[in-house]
Every structure is written in structure tokens, then in C-alpha cells.
Amino acid sequence: MEPKFKIGDVVELNSGGPQMTITVAENIHAVTQKKLLFKGIVTAVWFEENSKFESKFPQDALSLKKV
């Protein structure tokens, strides 16, 4: 499976919600820095009332937003 998004892309859940920014769009081994098999999960961050939130999402649950 290939990543649908790249780091910095602005996305939203298909069901709606806050705009989020992709921060991890591929799996990299922490020690060797080699790419691992991508399993369709991305990490995104968003802000609400000056608080930062971060979570992992299946890429198929997200849509690219036009900024």
C-alpha cells in the first residue's frame, strides 16, 4: 500500500471535524531509518483552544483539504 498523503498535507476526517496536518505519512524504523511496509496509518496534529492534539488515523478515513 502506498501513502495517499505527504507530511504537511492538510486533511479532515471524512465524517467532518477540525482541519489536521499530516506529520507522519510512512513508517520509518527508529534505529536504522529504513522505510518499513506502510500499513495505511498516518499521524496528524490539530489545535483546539491553544491545545495541541495528535492521533493516528487510517488514511482512508481522511480527505485532503484545499487551503
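Preceding this paragraph is the structure being described.
Quick notes on the rules
Residues numbered from 1 in each chain as written. Predicted model: local features only at pLDDT ≥ 70, side-chain atom pairs only at ≥ 80, totals over all residues. Heavy atoms only, no water. Salt bridge = Lys/Arg side-chain N within 4 Å of Asp/Glu carboxyl O. Helix = DSSP H or I, 4+ residues; strand = E, 2+ residues; numbered from the N terminus. Buried < 20%, exposed > 50% of the residue type's maximum accessible area, 1.4 Å probe, protein only. Pairing = 2+ DSSP bridges. Axes fitted to C-alpha atoms, helices over the stretch in contact; angles between N-to-C directions.

A. Inspection of the pattern of salt bridges at higher detail. Tallied over the entire structure, the rule returns 4 salt bridges. Notably, a salt bridge pairs Lys-4 with Asp-60, separated by 3.4 Å at the nearest N-O pair. Of this pair, Lys-4 sits in the segment before β1 (10-13) while Asp-60 sits in the loop between β4 (51-58) and β5 (62-64), and the two are 56 residues apart along the sequence. Here Lys-4 falls in the partly exposed class, since its relative accessible area comes to 48%. On the basis of relative accessibility, which here comes to 53%, the residue Asp-60 falls in the exposed class. As a salt-bridge pair, Lys-35 and Glu-26 come within 3.3 Å of each other at their nearest N and O atoms.

B. Main features of the sheet that holds β4. Reading across the sheet, the 5 strands line up as β4-β3-β2-β1-β5 and stay open at both edges, with antiparallel pairing between neighbours. Looking at which strands have only one partner, the edges of the open sheet turn out to be β4 and β5. Between one strand axis and the next, the sheet turns by 45° as a mean value, whatever way the strands run. In this structure, β1 lies alongside strand β2 (residues 20-24), joined through 2 bridges in antiparallel fashion. Along β2, the bridge assignment pairs Val-10 with Thr-21.

C. View of unusual backbone geometry. Notably, Gln-33 is not glycine yet its phi reads approximately 65°, a positive angle. Along the polypeptide, Gln-33 turns up in the loop between β2 and β3 (41-48). Judged by its relative accessible area of 54%, Gln-33 falls in the exposed class. Positive phi outside glycine occurs at Glu-49, with the angle close to 50°. Along the chain, the position of Glu-49 falls in the loop between β3 and β4.

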